[in-house]
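# Descriptive structure summary
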Amino acid sequence: MTSLDLQEVITSSIHSNIFQNYDIDVLRTDLIHPVVSGNKWYKLKLHIEEAKKMGKNTIATFGGAYSNHILATAFACKVFGMDSVGIIRGEKPAQLSHTLQAAQQYGMLLHFVSRYVYDDKEGLKKYFNSDCFWVNEGGFSELGMLGAADILKECDNPEKYSHIVCSCGTGTMIAGLLHVAKEHQQVIGISALKSHTGLESDVLKLLPSHQQKQPVIFHNYHFGGYAKHPPELINWMNLLWQEVQIPTDIVYSSKLFFAVKDLIEQQYFKPNDKILIIHCGGLQGNLSLPANTLNF
Ligand SMILES: *Cc1c(COP(=O)(O)O)cnc(C)c1O
């Protein structure tokens, strides 16, 4: 099996008055690979292993037009010599997004389906059937959760943190973090979606029954909804870059860092708390912005 040539994950410390000079570490999984960013690789790797074990050579999955998961799957399949199929939500647009153009370049076969059909995942699996290994949208499964649990291993002495904060889409990553976090650690998720009411119960579905730790999830940092990026968010991303040189994306990580700043202002954390932010990349999503919107 060839490999992805992953870069080492570094932990950077940020210290700035925008975070009231709290000591905050950032686990930069965004730097592991230029295409397969952050948690997407961790969530995919066991699926790929499993598909290979089962002798399947095609991975099929689901996602939207800007999906980091679709892009990561296309790229990883190319590297591991597998075929990939992407079932894409919504009618085919006249102009494909950067994400989908890139996925296609990596050899992914794209099938566009209406939102209505997209919601019937089981029907779609039967329809496309063939001999694909199916990966759920966003890598949501026990394999995805177990892969995501490895994220914390990238960090030196992860036990020293009192709080681990990450962004949530499907909740697969936070489930993985909860799976390996210690008793004294609080794992906090910042949902990128507006009123994603089933998120907590989805997270619990991925955890073994003896481990039903209630996740702490904040639902009020979506800035208007999934992928919505009003000017306040763009200003925040530029300020964050200027102050601590951390690049963020419009869908997940910008809202994650904003939430930490806001929770600090609300005195959610105590001065002795040791906070770890998991930065999962997703920076390719910024390509959908007009040029020069961001200063990084
Ligand atoms: C996909 C993604 C997430 C969400 O991960 P889930 O496991 O679906 O909750 C968070 N941040 C970034 C940058 C992502 O690409």
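Residue positions are given per chain, counting from 1 as you read along its sequence in written order. Predicted model: local features are reported for residues with pLDDT of at least 70 only, side-chain atom pairs are reported and counted for 80 or more only, and whole-chain, interface and lining totals are derived from all residues. Note: side-chain values were computed over all heavy atoms of the structure, leaving out hydrogens and water.

## A few points about the pairing of strand β7 (residues 163–168)
To sort residues, take the accessible area from a 1.4 Å probe on protein chains only and compare it with the maximum for the residue type: under 20% means buried, over 50% means exposed, and anything in between is partly exposed. Secondary structure elements follow DSSP: runs of H or I of four or more residues count as helices, runs of E of two or more count as strands, with numbering from the N terminus. Of all six residues making up β7, six are buried, and the element is well covered by its neighbours. Alignment of β7 against strand β8 (residues 186–191), held across six bridges, turns out to be parallel. Counted as the bridge partner of I164 is V187 from β8. Look down the strands so they point away from you; if the path from the first strand over the helix to the second goes clockwise, the crossover is right-handed. With helix α7 (residues 172–180) bridging β7 and the parallel β8, this β-α-β connection has right-handed handedness. Should DSSP find at least two bridges between two strands, the strands are taken to pair. Across three bridges, β7 lies against strand β10 (residues 275–279) in parallel orientation. Along β10, the bridge assignment pairs I164 with L276.

## Some thoughts on the sheet that holds strand β5 (residues 108–113)
With respect to topology, four strands assemble into an open sheet ordered β5-β4-β3-β6, the strand pairing being parallel. Looking at the sheet topology across the chains shown, the edges are occupied by β5 and β6 (133–135). Between one strand axis and the next, the sheet turns by 20° as a mean value, whatever way the strands run. Pairing between strand β4 (residues 83–89) and β5: six bridges, direction parallel. When the sheet's bridge partners are listed, I87 is paired in β5 with H111. Against the sheet, helix α2 (residues 68–79) touches β3 (58–63), β4, β5 and β6, its axis set at about 165° to β3. Helix axes are fitted only over the stretch in contact, all axes being lines through C-alpha atoms; the angle between N-to-C directions runs from 0 to 180 degrees. Every residue pair with non-hydrogen atoms within 4.5 Å of one another is taken to be in contact.

## Comments concerning the site of the ligand
Note on definitions. A residue lies near a molecule or strand when any single heavy atom of the residue is within 4 Å of it. Taken together, the neighbourhood of the ligand is formed by 15 residues, with K40, K43, N68, G169 and T170 sitting nearest. Counted as a polar contact is a pair of N or O atoms within 3.5 Å, where, for protein atoms, one must be capable of donating a hydrogen and the other of accepting one, and residues adjacent in sequence contribute only when both atoms are in side chains. K40 places a side-chain nitrogen or oxygen 2.7 Å from an oxygen atom of the ligand. Contact distances for the ligand include 2.9 Å between an oxygen atom and a backbone N or O atom of M173. Here, Shrake-Rupley sampling with a 1.4 Å probe gives the accessible areas, and only protein chains in the shown set may cover a residue. In isolation the ligand has 390 Å² of accessible area, and contact with the protein removes 98% of it. Listed by contribution, the elements that provide at least two residues to the shell around the ligand are α1 (39–53), β7 and α7. Sorting elements by how many residues they give to the shell around the ligand places α1 first, with three residues. Nonpolar residues are Ala, Val, Leu, Ile, Met, Phe, Trp, Tyr, Cys and Pro. Charged residues are Asp, Glu, Lys and Arg, and all others, Gly as well, are polar. Of the residues belonging to the shell around the ligand, the class tally is four nonpolar, nine polar and two charged. Residue ranges for the domains originate in an automatic or database domain assignment. Each of domain 1 (11–38 + 142–288) and domain 2 (40–139) gives at least three residues to the shell around the ligand.

## What about the packing of α1 against α2?
Contact geometry of α1 with α2 gives a least axis separation of 10 Å together with a crossing angle of 50°. Considering the angle they form, α1 stands oblique to α2. The element α1 and its partner α2 pack so that their crossing is right-handed. On the side of α1, the interface is formed by K40, W41, L44 and I48, while α2 contributes N68, H69, A72, T73 and A76. Considered class by class, the residues forming the contact of α1 with α2 number five nonpolar, three polar and one charged. Our angle categories are set so that under 35 degrees counts as roughly parallel, over 145 as roughly antiparallel, 65 to 115 as roughly perpendicular, and the remainder as oblique. Crossings are assigned a handedness: left-handed for a near helix turned anticlockwise from the far helix by less than a right angle, right-handed for a clockwise turn.

## Things to note about helix α9 (residues 231–244)
Expected span of a helix, by definition, is 1.5 Å for each gap between consecutive residues, and there is one gap fewer than residues. Relative to the 20 Å expected for 14 residues at 1.5 Å per residue, α9 spans 20 Å between its end C-alpha atoms, a close match to the ideal helical length. Looking at α9, one finds that the buried residues are L233, I234, W236, M237, N238, L240 and V244. After α9 finishes, the residue Q245 shows a positive phi value of roughly 55°.

## Some words on the packing of aromatic side chains
Between 30 and 60 degrees the pair is tilted, below 30 it is stacked and above 60 it is edge-to-face, where a pair is any two Phe, Tyr or Trp rings, Trp via its six-membered ring, whose centres lie within 6.5 Å. Enumeration over the complete set of coordinates arrives at 14 aromatic pairs. For the pair F62 and W134, a centre-to-centre distance of 5.4 Å together with 25° between the ring planes defines the contact as stacked. You can see F62 sitting in strand β3 and its partner W134 sitting in strand β6, a full 72 residues away along the chain. Residue classification places W134 among the buried positions, given a relative accessible area of 17%. On the basis of an interplanar angle of 85° and a centroid distance of 5.2 Å, the ring pair of Y268 and F269 is categorised as edge-to-face. What links up through ring pairs into an aromatic cluster is the set F19, F218, Y221, F223, W236, F258, Y268 and F269. It is K40 that lies over the ring of Y252; its NZ or CZ is 5.7 Å from the centre. For a Lys NZ or an Arg CZ to count as sitting over a ring, it must be within 6 Å of the ring centre and within 35 degrees of the ring normal. The residue whose ring lies beneath K121 is F62, and the NZ or CZ to ring-centre distance is 5.4 Å.

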